[in-house]
Amino acid sequence: TYTFTDGNGCVNSAANTITVNALPVVTVSGTLGTQCHTSTVLALTTGSPAGGIYSGPGVVGNNFNASLAGVGTHVITYTYTDPVTGCTDFATNTVVVVPAPVAFWINTLLAQCEDATNYVLTGGIPAGGVYSGPGVSGNVFNASLLGPGTYTLTYTYTDDYTGCFSTATNTITLNALPI
């Protein structure tokens, strides 16, 4: 209501109505949990109602990229605007980005003769990782399965708590037997 009193003391008013629309109910279900800094892109799909927009550090479209966001705790926001009423609301979720462990291979692999069978691989740190590559079974390198040449081997360490992993590589040379 708008009321006006003129200089003569006469009063008049006019009224109008306004409709107040409820905000849309916006939710984000589930948890984004912990992501490795080096992890692949995580699809953001749990915002409701459909058709909203995700935003926050590391968010590109409907995806979260941990390497863009960086290490730390990040708030991801899902914003929805009701197309009928124009009302907007949002819901949030958090994601924790942890650094990947750093794997090293601290020793040089000694050259082997092409018929060597039990060269034990060591020097991968942190301890508890897995050695892999041509001729590798467990932590033993079997040159007799390969021919002369230089081969790249990999040490992969996975953090049991976060599931994040890192790799380190090393090369080994296999020498031909004398004729």
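Reading guide: rules and limits
- Residues numbered from 1 in each chain as written.
- Predicted model: local features only at pLDDT ≥ 70, side-chain atom pairs only at ≥ 80, totals over all residues.
- Heavy atoms only, no water.
- Pairing = 2+ DSSP bridges.
- Helix = DSSP H or I, 4+ residues; strand = E, 2+ residues; numbered from the N terminus.
- 1 Å grid on protein atoms, 1.4 Å probe; cavity = no way out; pocket = protein on both sides within 12 Å on 5 of 7 lines; lining within 4 Å.
- Points joined across faces, edges and corners; volume = space filled by probe spheres on them.
- Nonpolar A, V, L, I, M, F, W, Y, C, P; charged D, E, K, R; others polar.
- Buried < 20%, exposed > 50% of the residue type's maximum accessible area, 1.4 Å probe, protein only.
- Polar contact = N/O pair within 3.5 Å; in protein donor to acceptor, adjacent residues only side chain to side chain.
- Contact = heavy atoms within 4.5 Å.
- Core = buried A, V, L, I, M, F, W, Y, C linked by side-chain atoms within 4.5 Å.
- Disulfide = S-S within 2.5 Å.

Engineer: In this structure, what is going on with the sheet that holds strand 9 (residues 63-64)? I would like to understand it.
Structural biologist: Backbone hydrogen bonds hold the strands of a sheet together, and the pairing may be parallel or antiparallel. Strand order in the open sheet made by the three strands is 5-9-8, with antiparallel pairing throughout. The two strands at the open ends of the sheet, each matched to only one other strand, are strand 5 (42-43) and strand 8 (59-60). When strand 8 meets strand 9, the two strands line up antiparallel, connected through two bridges. If you follow Val59 over to strand 9, its bridge partner there is Phe64.

Engineer: Help me understand the pairing of strand 1 (residues 2-5), please; the structure alone is not making it clear to me.
Structural biologist: Side chains on a regular strand alternate between the two faces of the sheet. Strand direction decides the pairing type here: strand 1 and strand 2 (residues 11-14), joined by four bridges, are antiparallel. Residue Thr3 lies in a different strand from strand 2, and its bridge partner there is Ser13. Between strand 1 and strand 2, which pair antiparallel in sequence order, lie five residues; one of them, Gly9, sits at a positive phi of approximately 85 degrees.

Engineer: Looking at this structure, I do not really get the sheet that holds strand 20 (residues 165-175). What am I missing?
Structural biologist: Pairing in this open sheet of four strands is mixed, and the strands run 13-20-19-16 from one edge to the other. Of all the strands in the sheet, just strand 13 (112-113) and strand 16 (130-132) have a single pairing partner and so form its edges. Of the pairings in the sheet, the one linking strand 16 to strand 19 (residues 149-158) comprises three bridges and is antiparallel in character. In the sheet register, Ser132 faces strand 19, and the bridge partner there is Thr154.

Engineer: Before we go on, may I ask you to explain empty space enclosed by the protein in this structure?
Structural biologist: Once rolled over the atoms, a probe with the size of a water molecule shows which space is left empty. Within the structure shown, the criterion is met by one cavity of 30 Å³ or more. Reported here for the largest cavity is a volume of approximately 40 Å³. Lining the largest cavity are Val28, Leu32, Leu44, Thr45, Thr46, Tyr54, Ile76 and Asn93. When grouped by side-chain class, the residues that make up the lining of the largest cavity number five nonpolar, three polar and no charged.

Engineer: I keep staring at the side chain of His74 and nothing clicks. Help me out?
Structural biologist: Checked against the element boundaries, His74 lands in strand 10 (residues 72-81). According to the relative accessible area criterion, His74 is buried, its value standing at 11%. Here the side chain of His74 touches Gly70 through a polar contact of 2.7 Å, landing on its backbone oxygen. Not counting the four nearest positions on each side in its chain, His74 is found in contact with Pro57, Phe64, Ala69, Asn93, Thr94, Val95 and Val97.

Engineer: Just checking my understanding: could you explain the nonpolar core for this structure?
Structural biologist: A general trend in soluble globular proteins is that nonpolar side chains are found buried together. In this structure, Trp105, Leu109, Leu121, Phe141, Leu153 and Ile172 are the most contacted members of the largest nonpolar core, which totals 17 residues. Those elements that place two or more of their residues in this core are strand 19 and strand 20. The element contributing the most residues to this core is strand 19, with four residues.

Engineer: Just to check I follow, could you spell out the state of the cysteines for this structure?
Structural biologist: One covalent bond between the sulfur atoms of two cysteine residues makes up a disulfide. Within this structure, the stated rule accounts for one disulfide. Put simply, Cys36 and Cys164 are joined by a disulfide, and their sulfur atoms are 1.9 Å apart. Taking the sign of the torsion about the S-S bond as the criterion, the disulfide between Cys36 and Cys164, at about -110 degrees, is left-handed. Within this pair, whereas Cys36 is found in strand 4 (residues 34-36), its partner Cys164 is found in the loop between strand 19 and strand 20, the two being separated by 128 residues in sequence. By the burial criterion, Cys36 is buried, and Cys164 matches it.

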